[in-house]
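Structural characterization, general
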Amino acid sequence: ATPEGWRHAKVGGDREARVSRLLLQHDADGRAWAWAVSFHGLYRYDGDAWAPAGPPALQTPVRDLHLDGAGRLWVATDHAGIGILRGGEWTLLGPAQGFPTERYYRVQSVVEPDGRERIWIGTGDGGALRQRRAGPRGWPPRPDDFEPIGPAAGVEAPEVFAVARSESIGGAPREWIGTVE
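Below is a summary of the structure that appears in this document. Throughout, residues of each chain are indexed from 1 in the direction in which the sequence is written. Side-chain atom pairs in this predicted model are given and counted only at pLDDT of 80 or more, local residue features only at pLDDT of at least 70, and totals for whole chains, interfaces and linings cover all residues. Note: side-chain values were computed over all heavy atoms of the structure, leaving out hydrogens and water.

Helix and strand definitions follow DSSP, with helices as H or I runs of at least four residues and strands as E runs of at least two, each counted in order from the N terminus. If you tally the helices and strands in the protein, you get 0 helices and 14 strands. In sequence order, the secondary structure elements of the protein are arranged as β-β-β-β-β-β-β-β-β-β-β-β-β-β. For the protein, restricting intrachain contacts to residue pairs at least 6 apart in sequence, the fraction spanning at least 24 positions comes to 37%. Using a 1.4 Å probe, accessible areas were evaluated by the Shrake-Rupley method; residue-level cover was limited to the displayed protein chains. Here the protein has roughly 10000 Å² of accessible surface; of this, 51% comes from carbon and sulfur atoms. Residues count as neighbours in contact if any of their non-hydrogen atoms are within 4.5 Å of one another.

Structure representation (structure tokens):
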């Protein structure tokens, strides 16, 4: 039974998509909506109903959502690369744009000591991509904006699911990568 005051809604209609991540977003005008990801794709709730969202390429297994400090929505997919929503327009990043794979599992920001944000992207093909410099960037992102972190850096796991940065654990700045192996 649904607790009083709660509302149960199906994402994906008859497909009953299993939601693996939710994210709430607010704009400067006070409007709000929710995003959900599943193995059926990206969905958006506008206050009335859940509906598939983004370009058709994002109706594939979606692994992660991230809202960066500039208000851009990053979507990591299993088969379509990275989708980024900026100012109402979608940009796709994958092999066709020179990125190394179409399989991405995690997108997140790591805040540098000076407060600037750096994007990290975990891949499904053995490593991660780390933005070379923190702070404001040109648009759209280019492959050379990111440094691959893989076997040369001691990361040989097939899938990267998490990243973090610490300034003092172990007495020095460290970057952490969470893998399945």
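Let's shift gears to the packing of aromatic side chains. For this analysis, a ring pair means two rings from Phe, Tyr or Trp (six-membered ring only for Trp) whose centres lie within 6.5 Å, classed as stacked if their planes differ by under 30 degrees, edge-to-face if by over 60, and tilted for the remaining angles. Applying the stated rule across the entire model yields 2 aromatic pairs. A ring pair is formed by Tyr-45 and Trp-50, whose centres lie 5.2 Å apart and whose planes are at 40 degrees; its orientation type is tilted. Exposure categories follow from relative accessible area, calculated using a 1.4 Å probe and restricted to protein chains: below 20% of the type maximum is buried, above 50% is exposed, and the middle band is partly exposed. In this structure Trp-50 comes out as partly exposed when scored by relative accessible area, which is 21%. Charge-over-ring contacts are defined here by two conditions on Lys NZ or Arg CZ: a distance within 6 Å of the ring centre and an angle within 35 degrees of the ring normal. Residue placement shows Arg-44 over the ring face of Trp-33; its charged tip is 4.5 Å from the ring centre. Over the ring of Tyr-105 we find Arg-63, and its NZ or CZ is 4.1 Å from the ring centre.

Moving on, we get to the pattern of salt bridges. A carboxyl oxygen of Asp or Glu within 4 Å of a side-chain nitrogen of Lys or Arg is what we treat as a salt bridge. Under the counting rule described, the total for this entry stands at 10 salt bridges. The shortest N-O distance in the salt bridge between Asp-144 and Arg-142 comes to 3.0 Å. Relative accessible area serves as the criterion here: at 45%, Asp-144 is assigned to the partly exposed category. The shortest N-O distance in the salt bridge between Arg-142 and Asp-145 comes to 3.5 Å. One network of salt bridges, in which partners are shared, links Arg-21, Asp-64 and Arg-106.

Attention now moves to the sheet that holds strand E2 (residues 32–38). Spatially, the 4 strands line up as an open sheet ordered E1-E2-E3-E4, and their pairing is antiparallel. Edge positions in the sheet fall to strand E1 (21–26) and strand E4 (50–52), since each has one partner strand and no second. Ignoring strand direction, the axes of neighbouring strands in this sheet form an average angle of 25 degrees. Paired strands are those between which DSSP finds at least two bridges. Taken together, the 6 bridges between E1 and E2 define a ladder with antiparallel strand orientation. Of the residues in E2, the one forming a bridge with Gln-25 is Trp-33. All axes are obtained by fitting lines to C-alpha atoms, using only the stretch in contact for helices, and the reported angles, taken between N-to-C directions, cover 0 to 180 degrees.

Turning our attention to the environment of Pro-113. Relative to the helices and strands, Pro-113 is located in the loop between strand E9 (104–111) and strand E10 (117–123). Taking the C-alpha atoms as reference points, Pro-113 and Arg-165, separated by 52 residues in sequence, lie 9.8 Å from one another. Those residues in contact with Pro-113, other than ones at most four positions away along the chain, are Arg-165 and Glu-167.

As a further point, take the side chain of His-66. Relative to the assigned elements, His-66 resides in strand E5 (residues 62–67). Engagement of the side chain of His-66 in a polar contact is seen with the side chain of Ser-109, the distance being 2.6 Å. Leaving out residues up to four positions away in the same chain, His-66 has contacts with Leu-23, Arg-72, Leu-73, Trp-74, Val-107, Gln-108, Ser-109, Glu-117 and Ile-119. A 3.5 Å cut-off defines polar contacts: any pair of N or O atoms within that distance qualifies, except that in protein one atom must be a possible hydrogen donor and the other a possible acceptor, and neighbouring residues in sequence count only when both atoms are side-chain atoms.

Let us look at the pairing of strand E8 (residues 89–93). Of the pairings in the sheet, the one linking strand E7 (residues 82–86) to E8 comprises 5 bridges and is antiparallel in character. Residue pairing across strands places Ile-82 opposite Leu-93, the latter belonging to E8. The loop that links E7 with its antiparallel partner E8 comprises 2 residues; one of these, Gly-87, has a positive phi angle of about 60 degrees.

That's the geometry; what it means functionally is another story.
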